[in-house]
Amino acid sequence: MENNKNRVNGNNNIVANGDITEINNFSPSTLYIFNIQVMADIINAIYDSKNDITPLNDFEVVDDIKIKNMLNKIEDGFFNDIIKPYYDEFGKLDAFFKNPRNKDIAQKYKSILTEVRGRIYCEISDGKKLQNILPTLFDYAKQKRPDLFIGDNLHYLNLLAYYMYTNCDIGKKND
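Owing to the predicted nature of the structure, the values given are computational and were not obtained by experimental measurement.

Section: the packing of aromatic side chains
Part 1: In the structure shown here, the tally under the stated rule is 10 aromatic pairs.
Part 2: Ring geometry for F78 against Y162: centres 6.5 Å apart, planes inclined by 80 degrees, an arrangement best described as edge-to-face. Taken together, the positions of F78 in helix α3 (residues 76-83) and Y162 in helix α8 (residues 153-166) put the pair 84 residues apart, joining distant regions of the chain. Residues F78 and Y162 agree in their burial class; the two are buried.
Part 3: Linked through ring pairs, F79, Y87, F90, F96, F97, Y109 and Y163 together constitute an aromatic cluster.

Some thoughts on the confidence of the model for the protein chain
Part 1: In this model, the protein chain carries a mean pLDDT of 74, and residues with pLDDT of at least 70 account for 69%.
Part 2: Between residues 51-61, whose pLDDT stays under 50, and residues either more than four places distant or in other chains, the model counts 21 contacts.

A closer look at the environment of K128
Part 1: Counting through the fold element by element, K128 comes out in the loop between α5 (103-125) and α6 (130-133).
Part 2: With residues near it in sequence (within four places) discarded, K128 still touches E123 and I133.

A closer look at the nonpolar core
Part 1: Counting 42 residues, the largest nonpolar core has I46, F97, L134, L137, F138, L160 and M164 as the members making the most contacts within it.
Part 2: Elements represented by at least two residues in this core include exactly α1 (36-48), α3, α4 (87-98), α5, α6, α7 (139-144) and α8.
Part 3: In terms of residue count, α8 provides more of this core than any other element does, 9 residues in total.
Part 4: Leaving out residues up to four positions away in the same chain, L134 has contacts with I74, F78, I83, A161, Y162, Y165 and I170.

Examining α8
Part 1: The end-to-end C-alpha separation of α8 is 20 Å, in line with the 20 Å expected for 14 residues at 1.5 Å each.
Part 2: With 13 of 14 residues buried, α8 lies mostly within the body of the structure.
Part 3: Positive phi appears at C168, one or two residues downstream of α8, with a value of about 65 degrees.

Notes on α4
Part 1: Along its 12 residues, α4 runs 17 Å from first to last C-alpha, staying within 8% of the 16 Å computed at 1.5 Å per residue.
Part 2: Buried within α4 we find E89, F90, L93, F96 and F97. In an axial view of α4, the angular spread of the buried residues amounts to 120 degrees, which keeps them on one side of the axis. Exposed residues lying more than 90 degrees from the buried face of α4 are D88 and K98.

Details of empty space enclosed by the protein
Part 1: What the rule picks out here adds up to 1 cavity of 30 Å³ or more.
Part 2: Of the voids in this model, the largest cavity is the one considered here, and its volume is about 40 Å³.
Part 3: Lining the largest cavity, in full, are L134, P135, T136, L137, F138, D139, K142, L157, N158 and A161.
Part 4: Of all the secondary structure elements, the ones that give two or more residues to the lining of the largest cavity are α7 and α8.
Part 5: No other element matches the 3 residues that α8 contributes to the lining of the largest cavity.
Part 6: Tallied by class, the residues present in the lining of the largest cavity amount to 6 nonpolar, 2 polar and 2 charged.

A word on unusual backbone geometry
Part 1: We note that K73 has phi near 55 degrees; this positive angle belongs to a residue other than glycine.
Part 2: Structurally, the position occupied by K73 is in the loop between α2 (65-71) and α3.
Part 3: Positive phi outside glycine occurs at C168, with the angle close to 65 degrees.
Part 4: Tracing the chain through its elements places C168 in the segment after α8.
Part 5: Overall, C168 belongs to the buried group, its relative accessible area being 9%.

The rules we used
Residues numbered from 1 in each chain as written. Predicted model: local features only at pLDDT ≥ 70, side-chain atom pairs only at ≥ 80, totals over all residues. Heavy atoms only, no water. Phe/Tyr/Trp six-rings, centres within 6.5 Å; stacked < 30°, edge-to-face > 60°. Helix = DSSP H or I, 4+ residues; strand = E, 2+ residues; numbered from the N terminus. Buried < 20%, exposed > 50% of the residue type's maximum accessible area, 1.4 Å probe, protein only. pLDDT = per-residue confidence, 0-100. Contact = heavy atoms within 4.5 Å. Core = buried A, V, L, I, M, F, W, Y, C linked by side-chain atoms within 4.5 Å. Expected span 1.5 Å × (residues − 1). Arc of directions from axis to C-beta. 1 Å grid on protein atoms, 1.4 Å probe; cavity = no way out; pocket = protein on both sides within 12 Å on 5 of 7 lines; lining within 4 Å. Points joined across faces, edges and corners; volume = space filled by probe spheres on them. Nonpolar A, V, L, I, M, F, W, Y, C, P; charged D, E, K, R; others polar.

Following this line, the structure appears as structure tokens:
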């Protein structure tokens, strides 16, 4: 099996505090070590392949995720099975953006939000549900950089999309 630097595969791995049974199929419950360089590469690739769209200004912070899910018509099953398994990594991603050394990447993230908000607004206006948009949010970047978005790096792409939603950077926050 191919050795991947982003997945903890056991073999007395000190970082993982011992062996971990390898999971052959992708699963959000797979243990990942947050890789700063991969996240920076992904944000740079998305940034480089985006098209600027006028930002939407109706996004406010929502304290209760249940209210946000209701406003965005996110079903409990989708949230619990698809988004929630990424929660453990959101703190690491948040710290990554707040680190002064990553200022340029954080600015690119904000620029990406402008484009993403516009895409979401257009697709919802066409009748799509947000929970159907989120998993494919960055398909345009995957098409432009297929060399980067393969294997475990897809995990980081999903992490970014679901972080944007739960961090209230995208999605409705009021009626």
